[in-house]
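Spelled out from the first residue to the last, the chains are:
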Amino acid sequence: IAGITQAPTSQILAAGRRMTLRCTQDMRHNAMYWYRQDLGLGLRLIHYSNTAGTTGKGEVPDGYSVSRANTDDFPLTLASAVPSQTSVYFCASSDGDPRDTQYFGPGTRLTVL
Amino acid sequence: QKEVEQNSGPLSVPEGAIASLNCTYSDRGSQSFFWYRQYSGKSPELIMSIYSNGDKEDGRFTAQLNKASQYVSLLIRDSQPSDSATYLCAVHILTGGGNKLTFGTGTQLKVEL
């Protein structure tokens, strides 16, 4: 069982380019999440999905979009990257109950120049 | 006021000592609390979860929760160099719907030989 996989592991991107970060889980979890982690700011929620077909905005959604076409996949798209989106991005999943653990993927390190 | 607050550290303790990590939160209705450990360059992994007032022990780790004081802590007994990491406090915040966690910025722990 792989858990959660993310791709790419790292990426350098020119400002203005479009980029999709991929996230796949094999735990059949209902809920999935995207966070960004920046030094001094901790983990901040970008978007979430409580179940396939639904998505919601987190704390810092501007400049990002998500889709949840099925249970396993939850891609995050930057339509036109800006340098302030340089960060480490983590995907996570859980069964969806408030007591459930969120399990994290290995992360994607994104640099926007 | 931040929703979840932690002292950023670094907290330095000698090997074999007890490390005490603290976290306060603002939402009185929060019911679920988590401690994650994050090694440098890695993703967060769950150490402990706690839902009721009092102590919860798991091996060398003890989580303590005081909902009246809006305070949750993590004690690490017999600290080892391998415990050196950043510890993230996460709280399930009820506002906004969905199973969303709000993370503190983390406390860096250094266990010295």
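Residues numbered from 1 in each chain as written. Chains lettered and ligands numbered in written order. Predicted model: local features only at pLDDT ≥ 70, side-chain atom pairs only at ≥ 80, totals over all residues. Heavy atoms only, no water.

### Quick word on the overall build of chain B
On a plain count of helices and strands, chain B comes out with zero helices and 11 strands. In sequence order, the secondary structure elements of chain B are arranged as β-β-β-β-β-β-β-β-β-β-β. Whereas a compact globule of 113 residues would reach a radius of gyration of roughly 13 Å, chain B reaches 14 Å, a difference of no more than 12%. When its C-alpha atoms are laid out on the principal axes, chain B stretches across 45 × 30 × 20 Å. In chain B, the proportion of contacts linking residues at least 24 apart, taken out of those at least 6 apart, comes to 54%. Per element, the accessible surface of chain B, about 5,200 Å² overall, is 46% carbon and sulfur. Counting 10 positive and 11 negative side-chain charges, chain B places the centres of these two groups 5 Å from one another. (Helix = DSSP H or I, 4+ residues; strand = E, 2+ residues; numbered from the N terminus. Rg over C-alpha atoms; globule rule 2.2 N^0.38 Å. Contact = heavy atoms within 4.5 Å. Areas by Shrake-Rupley, 256 points an atom, 1.4 Å probe, with all protein chains shown as cover. Lys, Arg positive; Asp, Glu negative; His and termini not counted. Charge placed at Lys NZ, Arg CZ, Asp CG, Glu CD.)

### Focus on the interface of chain A and chain B
With 23 residues of chain A at the contact, the number on the chain B side is 20 residues. Together, the buried faces of chain A and chain B total about 1,700 Å²; carbon and sulfur atoms form 54% of this surface. Looking at the side of chain A facing chain B, the largest losses of area belong to A:Leu43, A:Pro98 and A:Arg99, adding up to 30% of the total buried there. Where chain A packs against chain B, one counts zero salt bridges. At the boundary of chain A and chain B, one finds four residue pairs in polar contact (both at pLDDT 80 or more). Mapped onto the side of chain A that touches chain B, the elements with two or more residues apiece are strand 4 (31–38), strand 5 (42–49) and strand 9 (87–94) of chain A. The element contributing the most residues to the side of chain A that touches chain B is strand 5 of chain A, with four residues. Classifying every residue of the side of chain A that touches chain B by side-chain character gives 10 nonpolar, nine polar and four charged. (Buried area = accessible area lost by both parts, 1.4 Å probe. Salt bridge = Lys/Arg side-chain N within 4 Å of Asp/Glu carboxyl O. Polar contact = N/O pair within 3.5 Å; in protein donor to acceptor, adjacent residues only side chain to side chain. Nonpolar A, V, L, I, M, F, W, Y, C, P; charged D, E, K, R; others polar.)

### Description of the environment of A:Ala14
All names here are of chain A. Its location among the elements puts Ala14 in the loop between strand 2 (10–13) and strand 3 (19–25). The spacing of Ala14 and His47 is 33 residues in sequence and 23 Å in space, taken between C-alpha atoms. When sequence neighbours within four positions are dropped, the list of residues in contact with Ala14 reads Ala81, Val112 and Leu113.

### A few points about the layout of surface pockets
Unoccupied space between atoms shows up once a probe the size of one water molecule is rolled over them. Taken as a whole, the largest pocket encloses approximately 750 Å³ of empty space. Those elements that place two or more of their residues in the lining of the largest pocket are strand 4, strand 9 and strand 11 (108–112) of chain A together with strand 9 (85–92) and strand 11 (107–112) of chain B. Its residues placed into classes, the lining of the largest pocket shows nine nonpolar, 16 polar and four charged. Roughly 410 Å³ of volume is contained in the second largest pocket. In terms of lining, the second largest pocket is formed by 20 residues, of which the most central are A:Leu43, A:Glu59, B:Glu3, B:Thr102 and B:Phe103. For the lining of the second largest pocket, the secondary-structure elements that each account for two or more residues are strand 5 of chain A together with strand 10 (101–103) of chain B. (1 Å grid on protein atoms, 1.4 Å probe; cavity = no way out; pocket = protein on both sides within 12 Å on 5 of 7 lines; lining within 4 Å. Points joined across faces, edges and corners; volume = space filled by probe spheres on them.)

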